[in-house]
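Report on the structure
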Amino acid sequence: MISGITLDLNVPLERFSVEVKWETEETSLGIFGHSGAGKTTILEALAGLRPLARGLIRVSGETWLDSARGIDLSPEKRGAGYVPQDTLLFPHRDVLGNLLSGARRSEGPWRRKLSFERVLEVLELRSLKEARVDELSGGERQRVALGRALCSGPSLLLLDEPLAGMDLPLRRRILPYLIRVREEFSVPTLFVSHDASEMRLLCREVMVLELGKALARGRPEEVFFDASLHPVFREEVFENVLQGAVRELKGPGFLVELERDLCVLIPRGGIVGAGKVVFGLRAEDILLSLKPPVGLSAQNVIPGIIRQIRRADAGEEQDVPVLVEVAFGRGDLRMVASITSQSRSRLNLAEGSEVHLVFKAQSCRILTVH
Amino acid sequence: MSSSALTALLISLKVSLVATLVVLPPGIALGLLFARRSFPGKSIVETLTYLSLVLPPTAVGYLLLSLLARRGPLGVNALGLDLDLLFTWKGAVLASAVMALPLVVRTARIAFEGVNPRLESMGRTLGMGPLRVLWEITLPLARRGLLASGILGFSRALGEFGATVIVAGNIPGKTQTLALAIFNDIQIGQDDEARRLVGLTAALAFLAIWISERLLSQRRKRA
C-alpha cells in the first residue's frame, strides 16, 4: 500500500484564499493556527465538502481531487473519516446506530477494515452502545464521533479540534484515546488545533497556518520553536512537552523519570493513577543559572548544554524574548527557556555554554496520563 | 346517525385519505426542493405553488374544470383517453389534493429547513450517497414536521368545499362529502341534520389533531 499524502490546494474564501502545498510520508499530521486561519476549510476540502476547492489531493495512492484532470470525487467515495468540532452525531440514532452509520463503506474490498469490536474496546464505548446521543457528555460525544469515523474504514482521519471547549481534566481523559487510536489503528491522521502542546504530543509533522498560507512546516519541536518567534505568535509562550514514567509519590507531587536516573518533580494535579505522564512546562517558567543554585525554593535543577539560541527579529527593541534550547540528560532531551536579550548578554550565554535549568514543580502542568 | 350522514362521512374519509396520499409525495418533494436548492425562477415556481392558498377555492375548481373538460388540455379529446375525474369521487380527490398542496409543501419545507445540512454532509463523508442520505438522515430527522404536514393536508382536504363542488359536483352517495352535505341540508332547510353533520366534522377534526399531537409527543419522548 502506498502511503503518504500530497496536497496542492486552493480554496477561495470571502476574505482570503487558502493556498497550501504539502507532500509527506508522515502519517500523524497537524495543522496549527489561530481560529479563522483556514484550518477547518482544509479539512472540509479534504472531506469533499468544499465544491470550490481546486488543485490536487492524493491520499495513500488514491486521487481524490485533480482539477487539471477533471477528477473530483464526491465525499462518499473519498474515504475520509471526518470528526468535526461539533461532532455532528445523528440525533435520531443511538450510539450503536451512529457507530454503524458508515460501516457499509468499510465493507468495500479496497477499504482498510478495522475491527468494530476493537474500536469499541479502545474507545471504551461498549457500555454506551444503547445510549441516546443527547444523553452523552462532551467527552463521550467526541469518542462516539471518533468511533463512527473509524468504523467507516477511513484512509485518512480528519480531526477538527477534538479537545476544543473541554476543560483540563476532560482533556486529560480524552487525549489518551487519541494517542491510543494513533498507536492501535495506524490510520493516517490530520489533526487541527490551536494548542501547540497537544499538537506536539499527537503529531510528527505540522503546518503552521495563518490567513490560509503556511508559515512553516516540519517536525513540531522545530516548527513551534521558530513559530513562537514569529510576530503572529509572539503572544503565545512556547511550552515544552515532556513525558516520563511515574516513579514515586513524593509529598504532594510525582517524581517522574524522564530517562534513567533523571527525575523531575511535578504536582499531582488530582491524578491518582500511575503510568506514563505527559506534562507541559512553559519556556518563560524556566530560569537559567550558570552555576548550580543553592538555597533555592525551586525543586528541579537539571544541568545541560545550550544547543541553540534564537532571537525574535524586532530591530533594536530591548525586551525581545530570546529562546534558548538546552540539551540535557544523555543528550536526546531538549528544553527551551525564554529569557530577555538583556539577560542573555549579562550571562554571556552562547551555544555550547553549560547552564542549569531551574523550575518549580508547580510550573509543570499535566497534559495527560496514559 | 342517519344512513346518509354515514355515507357522507365515509366519502369524506375516503376522499381525504386518498388526497393526502396523492399530495404527500409531490408535496414533500417540492418542500425538499424549495428548502435545499436554488435555481433560476425559484420564487416564481414557489409563488405558483402557494397560489391556491389565497385564490378562492371556486376559482381553483373552475381552472381544474377547464383543464379536465372534454376540450380542455387534459380532456378526452386532447389525451385520447378519458381520465374520468369530473363528477366522480376521484375528482373530489383531485380538488382536495390541489387545495391541500400549498399547506403540505410549506410545512414540509419548514420541516426540511429544520434539518442541519451539515448532518447530511456528515452522512456523505461516511460513505452514503445522496439518496441514502435522504432516506437515512434527512427524512427521519424531518419526520415530525412531515407528519404534521400530512395531518394538515388531511384536515384541509376534509374541509374542502369550493373546488370540490365545481369539479365533482354534489351527488349524494357519490361525491357528497360532509362539507357538501352540510351545505345541502342548510339549503333545503334540514337544520337538524346539518347540526348533526357539523358535530360529526368537529369530532373528526378534533380526533385528527388529537392523534397527531399524541403521535408527536410519543415520538418526542422516544427520539
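Just so it is clear, the model here is predicted, and its values are computed rather than measured.

Thresholds applied
- Residues numbered from 1 in each chain as written.
- Chains lettered and ligands numbered in written order.
- Predicted model: local features only at pLDDT ≥ 70, side-chain atom pairs only at ≥ 80, totals over all residues.
- Heavy atoms only, no water.
- Pairing = 2+ DSSP bridges.
- Helix = DSSP H or I, 4+ residues; strand = E, 2+ residues; numbered from the N terminus.
- Axes fitted to C-alpha atoms, helices over the stretch in contact; angles between N-to-C directions.
- Contact = heavy atoms within 4.5 Å.
- Phe/Tyr/Trp six-rings, centres within 6.5 Å; stacked < 30°, edge-to-face > 60°.
- Buried < 20%, exposed > 50% of the residue type's maximum accessible area, 1.4 Å probe, protein only.
- Lys NZ or Arg CZ within 6 Å of the ring centre and 35° of its normal.
- Buried area = accessible area lost by both parts, 1.4 Å probe.
- Salt bridge = Lys/Arg side-chain N within 4 Å of Asp/Glu carboxyl O.
- Polar contact = N/O pair within 3.5 Å; in protein donor to acceptor, adjacent residues only side chain to side chain.
- Nonpolar A, V, L, I, M, F, W, Y, C, P; charged D, E, K, R; others polar.
- Expected span 1.5 Å × (residues − 1).
- Disulfide = S-S within 2.5 Å.

This part is about the sheet that holds strand 18 (residues 321-328) of chain A. Residue and element names in this part refer to chain A. Within the open sheet, the 5 strands sit side by side as 16-20-17-18-19. Their pairing is antiparallel. The open sheet has two edge strands, strand 16 (287-289) and strand 19 (333-340), and neither has a second partner. On average, adjacent strands in this sheet sit at an angle of 45 degrees to one another, irrespective of strand direction. In terms of strand pairing, strand 18 meets strand 19 through 8 bridges, oriented antiparallel. Looking at the pairing, Phe-328 lines up with Leu-333 of strand 19. The strands touched by helix 9 (residues 220-227) within the sheet are strand 17 (300-311), strand 18 and strand 19, with strand 17 carrying the most contacts at an inclination of about 65 degrees.

A full pass over the atoms with the stated rule returns 4 aromatic pairs over all chains. With centroids separated by 4.9 Å and ring planes inclined at 85 degrees, the aromatic side chains of Phe-32 of chain A and Phe-224 of chain A adopt a geometry described as edge-to-face. Residue Phe-32 of chain A is found in strand 3 (residues 28-32), and its partner Phe-224 of chain A is found in helix 9; the two are separated by 192 residues along the sequence. Judged by relative accessible area, which is 4%, Phe-224 of chain A ranks as buried. Relative to Phe-238 of chain A, the ring of Phe-225 of chain A has its centre 6.2 Å away and its plane inclined at 90 degrees; by these criteria the two rings are edge-to-face. Separated by 13 residues along the polypeptide, Phe-225 of chain A in helix 9 and Phe-238 of chain A in the loop between helix 9 and strand 12 (239-250) bring together distant segments of the chain. Comparing Phe-225 of chain A with Phe-238 of chain A, the two get one shared label, buried. In this arrangement the basic side chain of Lys-14 of chain B is found over the ring face of Trp-89 of chain B, its NZ or CZ atom lying 4.3 Å from the centre. Lying across the ring of Tyr-50 of chain B, Arg-106 of chain B places its NZ or CZ 4.6 Å from the centre.

The next thing to look at is the interface of chain A and chain B. The partner chain B presents 22 residues to the 24 residues of chain A that form the contact. Regarding the contact of chain A and chain B, the summed buried area is about 1,900 Å², with carbon and sulfur atoms giving 59% of it. It is Glu-76, Leu-88 and His-92 of chain A that lose the most area in chain A upon contact with chain B, and together they represent 31% of the buried surface on that side. Counting across the interface, chain A meets chain B through 3 salt bridges. With a shortest N-O distance of 2.5 Å, Arg-118 of chain B and Asp-86 of chain A are connected by a salt bridge. Across the contact surface, chain A and chain B share 4 residue pairs in polar contact (both at pLDDT 80 or more). Broken down by secondary-structure element, the contributors of at least two residues to the side of chain A that touches chain B are helix 1 (39-47), helix 2 (75-78), strand 7 (80-83) and helix 4 (103-106) of chain A. Grouping the amino acids of the side of chain A that touches chain B by side-chain chemistry returns 10 nonpolar, 5 polar and 9 charged.

This paragraph deals with helix 7 (residues 168-185) of chain A. All names here are of chain A. Across its 18 residues, helix 7 extends 26 Å between first and last C-alpha, which sits within 8% of the 26 Å expected from 1.5 Å per residue. Close packing links the buried residues of helix 7 with helix 5 (116-122), helix 6 (138-151), strand 8 (156-160), strand 9 (189-193), helix 8 (196-202) and strand 21 (364-369). Two residues or fewer past helix 7, Ser-186 is found with a positive phi of approximately 40 degrees.

To continue, consider the state of the cysteines. Considering all chains together, one arrives at 0 disulfides over all chains under this definition. No disulfide involves Cys-263 of chain A; its nearest neighbouring cysteine sulfur is the one of Cys-364 of chain A, lying 13 Å away.

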